[in-house]
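Take a look at the letters that make up each chain.
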Amino acid sequence: YQTKYYRLLLEDQTERAAMISTAKSNPLKVILSHRSNRFFSLPSFKKGEFRIPSHNSNKVCTPDDAVSLISANDTICVSGFVGQGSPDLLLKALADRYERECNEGVQEGGLKDLTVLFGGGPGDWDSRGLNYLAKIPSGNNINEQSTAAAKSMIKRAIGGHYGQVPLLGNLATSNQIEAWTLPMGSISRMIRAQATHSPGHITTVGLGTYVDPTPGIGVGGAANELALASPLHQELVTKISIGFGPTADAMKADYLMYKALPIQVAIIRATTADSSGNLSFEHESLLCDQRIIAAAAANSGGVVLAQVKRICETGSLPSRAVGVPGAMVDCVCVVEESEHDVYHPMSYTKRSDPVLYGKIRSPVEDVPKMQLNERKIIARRASFALKPGKVINLGIGLPEGIASVASEEGQLQYVTLTTEPGVFGGLPASGKEFGPSSNADALVEMNEMFDFYDGGGLDMCFLGAAQISPQGDVNVSRMSAEKLIGPGGFIDISQSTRNISFLCTFTAKGLDIDCDGAEGKIKILKEGKIKKFVNQVYERTFSGEEAVRRGQQVYYVTERAVFRRTASHDVIELIEIAPGVDLQKEILDQMEFEPVISPNLKQMDERIFRHEKMEIELFGSLKDRVTYHEGDHVIFIDLTGISLASEDEVRWLGRSLDLILHPITKERGPVDAIVNYDGFDCKSGLEEAYADAVEALSSRHYKSVKRYSFNAFRRAKLKTMASVEALNAKSLFREWDEDNTGSLSPLQLRAGVREYFGIRLKQAELDALCKDGVTLRNFTDILLEVMSKFE
């Protein structure tokens, strides 16, 4: 063959048929690429010239050429999260192609019956993002005889969140397309399962909620009648029982399997590409599973279409910077600089923000303070649960206020805030920017973050609530038949975290309160028209009964009252009431059911309702941080989060430790010291003063000193304990048995061991420890077995 050849993308059906006819009579003139339906026309060649072209392929093409590879009945998977990272140029090109075909009356071979699979549902709450695909074309040639008349190109949608894609949601609520709403983390792993040709994603996430396909519990995530009647519905989410070990039949447990679906088209977005298709993400605020979406499509025999805002020389991207290898990518479409604001902004509210994509850090002082209103009151009360060293998820809406309160109270630097699309640390963005964080510590892919969440990585979470039932069920996913929202990551997070706080106002739509900030109380001026505490939630996104079975701590925090759900009662229990609030008129009368009222009903802390900082003692007193183990003559000093800003504070620390240690060393001599320095800070210029203080303590009290970070410190502390008596097993059991049931669930045992000892039990270890149940009678033996790991 000659080295020069010409590629021809055939959209016209007549021309395609002619080319196929030519291929039958002279196959040397036509090469057919089956994977992408691409044709290559070769010019005439001289006899004997069969040299194959040796240059690199160029995958850069126009958006129209890229979307021409999409066929009827294809499953399309789209990257992006809420308002971040939507591949709008390609989505718009696909919508334009459909409108052209409708106007031209194209029927056979045209776009129709597409399945759209997505997690975060990228959209602008109006017309962009996935909303492009839901638009109904209009034109002079569209009539009632046209198969495309008054129809979307979409046949079915499977997504995690529809809130920002209302046009797609409207197609679902009007029963024009089949639609399902599934947990976002499960969708993310469904895609990954397809990449490995696994049958699906198996998990306990979704049990007891509307996603559970068990009759009388849920509907398998179906959002309308078309979905319920679809053949796919019986396969998409199935309930299975799995047993483990030699007594598998007796140890069976229920799981849900989310079916892996073949993906014919991946539409993803990146920042930079080379002509070979290697992609990097340096200006993207999130990693929205682009790599596994591309892998799933490539391994399904599909095509991968990538949108970028710039192109570079092949080979110029460092290998470590490549997020999606070019081997997975078929087409690269470059957005012109003049169109970045329209088709490739970082998000729908910001063209670019180097703080959110991690190039620079912003001053901590930039965190705005909230006004004293119902939102801040709720965030303040919820923030009492924060503890140093904890990993936390904040949901969208009211929970976002906790970050502001934590910053104001000086707590933010001692906890790790996370968001489900993959962000660790920093301050999560709020509102329509939700997803990325300012000054983040790390960014991982969304499927990896949900792996961490589902495995118990979160210590606590703070989530919103639209409706709450007597049993403590929560609805956030759907309020009526006319509006579809979806759970997002709510189900994954709420069912995998031991300590959960749901945040909401007591009533909605018109609520007006007065909190002058001086008297330390609240006045209800006008009630909202909508009650939040109802007899039955419209859709069960969180199950109170399932939470009890899992041994979770569940609290419901409002501006005037706090409730909890435990195994002690079948309904939620009122445990706190705000000062100035009438129990009957402003709480019980505003609920559709009667809660249990705790015999120890407390008043909410007055500091919550004042203008001044609450001055929460996050770390307690120094004396509480020093633990002496007499058997081994070892002292444990926990300096977590202590910050010394002056010489007076350095002297205070040295003097205080000297007073605490003196009685011990006077009687028994110098001790071996183990010190936790995690989060400790000594301001610049104080190093010499602090070194002198440490030297004075060492010379007077220490035989040896070892320094550890947080978890290593707790492990070292456990290792020196010679007996269970030193642990006070009875006291520990009562502390961990928060529901007062006389037994610990596996989740409670796992959380307690992790909290107290810093040990993450593997599932097999947990199953072995809990095989005979965990009661006070065998709790001591279980602790001994845990401690044996350190012998």
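Structural data are supplied above this passage.
Residues numbered from 1 in each chain as written. Predicted model: local features only at pLDDT ≥ 70, side-chain atom pairs only at ≥ 80, totals over all residues. Heavy atoms only, no water.

**Student:** For this particular structure, what's the right way to read the sheet that holds strand β8 (residues 200–203)?
**Tutor:** Across a sheet, paired strands are connected by hydrogen bonds in the backbone, their directions being either parallel or antiparallel. Read across the open sheet, the 3 strands follow the order β8-β10-β9; overall the sheet is antiparallel. The open sheet has two free edges, formed respectively by β8 and β9 (237–242), since each of these has just one partner strand. Put simply, the sheet's adjacent strands are angled 30° from each other on average, direction ignored. Pairing between β8 and strand β10 (residues 253–259): 4 bridges, direction antiparallel. Residue pairing for β10: Thr203 is matched across the bridge by Leu256. Strands in contact with helix α6 (residues 184–195) are β8 and β10; relative to β8, the strand with the most contacts, it is inclined by about 135°. (Pairing = 2+ DSSP bridges. Helix = DSSP H or I, 4+ residues; strand = E, 2+ residues; numbered from the N terminus. Axes fitted to C-alpha atoms, helices over the stretch in contact; angles between N-to-C directions. Contact = heavy atoms within 4.5 Å.)

**Student:** For this particular structure, what's the right way to read helix α12 (residues 401–408)?
**Tutor:** Helical geometry: 3.6 residues make up each α-helical turn, so side chains three or four residues apart lie on a common side. Counting buried positions over the 8 residues of α12 gives 7, a clear majority of the element. For α12, the elements touching its buried residues are α11 (374–383), β17 (391–394), β18 (416–419), β20 (427–428), β23 (460–464) and β26 (499–503). One or two residues past the end of α12 sits Gly410, with phi positive at roughly 75°. (Buried < 20%, exposed > 50% of the residue type's maximum accessible area, 1.4 Å probe, protein only.)

**Student:** What is the right way to read the pattern of salt bridges from this model?
**Tutor:** Here the idea is simple: oppositely charged side chains can pair when their charged atoms come close. Counting across every chain of the model gives 31 salt bridges. The closest approach of N and O atoms between Arg560 and Glu559, which form a salt bridge, is 2.8 Å. Given a relative accessible area of 0%, Arg560 falls into the buried group. Glu559 sits in the buried class, given a relative accessible area of 0%. Of the charged contacts, one joins Asp605 and Arg607 as a salt bridge, the two residues approaching to 2.8 Å between their closest N and O atoms. Look at Asp605 and you get partly exposed, because its relative accessible area is 25%. Exposure remark for Arg607: the relative accessible area of 34% places this residue in the partly exposed category. Counted as one network, the salt bridges with shared partners bring together Arg189, Arg192, Asp451 and Asp454. (Salt bridge = Lys/Arg side-chain N within 4 Å of Asp/Glu carboxyl O.)

**Student:** When you look at the packing of aromatic side chains in this model, what are you seeing that I'm missing?
**Tutor:** Here the distance between the centres and the angle between the planes together describe a pair of aromatic rings. Scanning all chains against the criterion turns up 13 aromatic pairs. Relative to Tyr162, the ring of Phe118 lies with its centre 5.2 Å away and its plane at 75°, an arrangement referred to as edge-to-face. A residue pair is termed long-range when its members are at least 10 positions apart, and Phe118 in the loop between β5 (114–117) and α4 (131–134) and Tyr162 in the loop between β6 (154–159) and α5 (166–173) qualify at 44 residues. Note on Tyr162: relative accessible area 1%, which makes it buried. Geometrically, the ring pair formed by Phe533 and Phe563 is tilted, given 5.0 Å between the ring centres and 45° between the ring planes. Taken together, the positions of Phe533 in the loop between β30 (530–531) and α15 (544–550) and Phe563 in strand β32 (residues 561–565) put the pair 30 residues apart, joining distant regions of the chain. Assigned by exposure class, Phe533 and Phe563 land together as buried. An aromatic cluster is present here, built from Phe424, Phe450, Phe452 and Tyr453 joined pairwise through their rings. (Phe/Tyr/Trp six-rings, centres within 6.5 Å; stacked < 30°, edge-to-face > 60°.)

**Student:** Mind showing me how you'd approach the sheet that holds β5 here?
**Tutor:** Taken in spatial order, the 7 strands line up as β7-β6-β5-β4-β11-β14-β16 in an open sheet, and their pairing is parallel. The open sheet has two free edges, formed respectively by β7 (178–181) and β16 (331–334), since each of these has just one partner strand. With direction set aside, neighbouring strand axes in the sheet form an average angle of 15°. Here helix α9 (residues 290–299) sits on the sheet and contacts β4 (75–78), β11 (265–269) and β14 (303–308); the angle it forms with β11, its principal contact strand, is near 160°.

**Student:** Before we go on, may I ask you to explain the side chain of Thr558 in this structure?
**Tutor:** Residue position: Thr558 is located in the loop between β31 (553–557) and β32. From its side chain, Thr558 meets the backbone nitrogen of Arg560 in a polar contact 3.2 Å long. A polar atom in the side chain of Thr558 sits 2.8 Å from the backbone oxygen of Ala561. Sequence-distant contacts of Thr558, that is, excluding residues within four places in its chain, are made with Ile378, Cys504, Thr505, Phe506, Phe533 and Met604. (Polar contact = N/O pair within 3.5 Å; in protein donor to acceptor, adjacent residues only side chain to side chain.)

**Student:** Would you explain unusual backbone geometry in this entry?
**Tutor:** Apart from glycine, the bulk of residues carry a negative phi angle, and the bulk of peptide bonds sit in the trans form. Even without glycine at this site, Asp289 takes up a positive phi of about 65°. Checked against the element boundaries, Asp289 lands in the loop between β13 (279–280) and α9. When its relative accessible area of 2% is taken as the criterion, Asp289 is described as buried. The backbone of Glu615 sits at a positive phi, close to 55°, despite the residue not being glycine. Along the chain, Glu615 falls in the loop between β34 (596–603) and β35 (626–629). What makes Glu615 exposed here is its relative accessible area of 52%.

**Student:** Looking at this structure, how should I read the environment of Ser319?
**Tutor:** Checked against the element boundaries, Ser319 lands in the loop between β15 (310–312) and β16. Once the C-alpha coordinates of Ser319 and Ser280 are considered, the two residues, 39 residues apart in sequence, prove to be 9.5 Å apart.

**Student:** How do you make sense of the side chain of Arg478 when you look at a structure like this?
**Tutor:** Within the secondary structure, Arg478 is located in the loop between β25 (474–475) and α14 (490–494). Despite its burial, Arg478 remains without a salt bridge, the nearest opposite charge being carried by Glu539 at 5.0 Å. There is a polar contact of 3.0 Å between the side chain of Arg478 and the backbone oxygen of Ser480. Looking at Arg478, its side chain comes within polar contact range of the main-chain oxygen of Ala481, at 3.0 Å. Apart from the residues within four sequence positions on either side, Arg478 is in contact with Thr173, Ala223, Lys483, Leu484, Tyr538 and Glu539. (Lys, Arg positive; Asp, Glu negative; His and termini not counted.)

**Student:** What should I look at first to understand α6 in this one?
**Tutor:** For α6, with 12 residues, the first-to-last C-alpha span of 17 Å sits near the 16 Å given by 1.5 Å per residue. Counting buried residues along α6, 11 of its 12 residues qualify, which places the element largely inside the surrounding structure. Listed as buried for α6 are Met184, Gly185, Ser186, Ile187, Ser188, Arg189, Met190, Ile191, Ala193, Gln194 and Ala195. His197 occupies a position one or two residues after α6 and carries a positive phi of about 60°. (Expected span 1.5 Å × (residues − 1).)

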